[in-house]
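Single-letter residue listing:
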Amino acid sequence: VVVFGNLLDNAIHECEKIVESGRDPVIQVKMAYIDSELIITVQNPVHRKVIIENNEVADKQSDGHGIGLVNVRETVEKYDGSFAISCDGKEFTAVVII
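The text that follows walks through the structure, step by step, so that each part is easy to find.

**So, the overall build of the chain**
For the chain, the count of helices and strands is 2 helices and 6 strands. The order of helices and strands in the chain, counted from the N terminus, is α-β-β-β-β-α-β-β. Over its C-alpha trace the chain gives a radius of gyration of 13 Å, about what one expects of a compact globule, namely 13 Å for 98 residues. For the chain, the proportion of its 98 residues judged to be buried stands at 34%. Long-range contacts, defined here as pairs at least 24 residues apart, represent 55% of the contacts in the chain between residues at least 6 apart.

**Structural notes on the pattern of salt bridges**
Inspection of the entire model under this criterion finds 1 salt bridge. Salt-bridge contacts for Glu14 lead to Lys17; the nearest nitrogen and oxygen are separated by 3.8 Å. Here the residue Glu14 and the residue Lys17 both occupy positions in helix α1 (residues 2-20), the gap between them amounting to 3 residues, near one helical turn. In this structure Glu14 comes out as buried when scored by relative accessible area, which is 7%. Of the residues examined, Lys17 reaches a relative accessible area of 19% and is grouped as buried.

**Structural notes on the pairing of strand β6 (residues 91-97)**
Relative to β6, strand β2 (residues 37-45) runs antiparallel, the two sharing 7 bridges. Bridge assignment links Ile40 to a residue of β6, and that residue is Val96. Of the strand pairs in this sheet, strand β5 (residues 82-87) and β6 are connected by 6 bridges, and their pairing is antiparallel. Along β6, the bridge assignment pairs Cys87 with Phe92.

**Concerning the sheet that holds β5**
Spatially, β1-β2-β6-β5 is the arrangement adopted by the 4 strands of the open sheet, whose pairing is antiparallel. In this open sheet, the two strands that pair with only one neighbour each are β1 (28-34) and β5. Between one strand axis and the next, the sheet turns by 10° as a mean value, whatever way the strands run. Strands β1, β2, β5 and β6 of the sheet are contacted by α1, whose axis makes an angle of about 10° with β2. With respect to the sheet, helix α2 (residues 67-78) is in contact with β5 and β6, its orientation differing from that of β5 by roughly 150°.

**Some details on α1**
With 19 residues, α1 extends 27 Å between its outermost C-alpha atoms, agreeing within 8% with the 27 Å of an ideal straight helix rising 1.5 Å per residue. Where α1 is concerned, the buried positions are Val3, Asn6, Leu7, Asn10, Ala11, Glu14, Cys15, Lys17 and Ile18. Taken together, the buried residues of α1 touch β2, α2, β5 and β6. Among the residues trailing α1, Gly22 stands out with phi positive, at a value near 90°.

What counts, and where the lines are drawn
Residues numbered from 1 in each chain as written. Predicted model: local features only at pLDDT ≥ 70, side-chain atom pairs only at ≥ 80, totals over all residues. Heavy atoms only, no water. Helix = DSSP H or I, 4+ residues; strand = E, 2+ residues; numbered from the N terminus. Rg over C-alpha atoms; globule rule 2.2 N^0.38 Å. Buried < 20%, exposed > 50% of the residue type's maximum accessible area, 1.4 Å probe, protein only. Contact = heavy atoms within 4.5 Å. Salt bridge = Lys/Arg side-chain N within 4 Å of Asp/Glu carboxyl O. Pairing = 2+ DSSP bridges. Axes fitted to C-alpha atoms, helices over the stretch in contact; angles between N-to-C directions. Expected span 1.5 Å × (residues − 1).

The following block contains the structure:
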């Protein structure tokens, strides 16, 4: 719940900014259970490119936005999973394997 809730909350927060700019946002969520591993992928549009360094958001906002990804990372590590994020300037992608 921590993983999925935080990823979805971040995606919704970003999509609110997309709506304000007059665009129609789409959040894509994919979940699969393969070889005893749960794979969760969440993709959402961004209003500006998110800078990522060492698989972490480099420009965390002062309003606390970005803390959710820390919670995701800590939860995934607790269960010996893996977590990766990327942003191409148009879309932010988070992938969790537990």
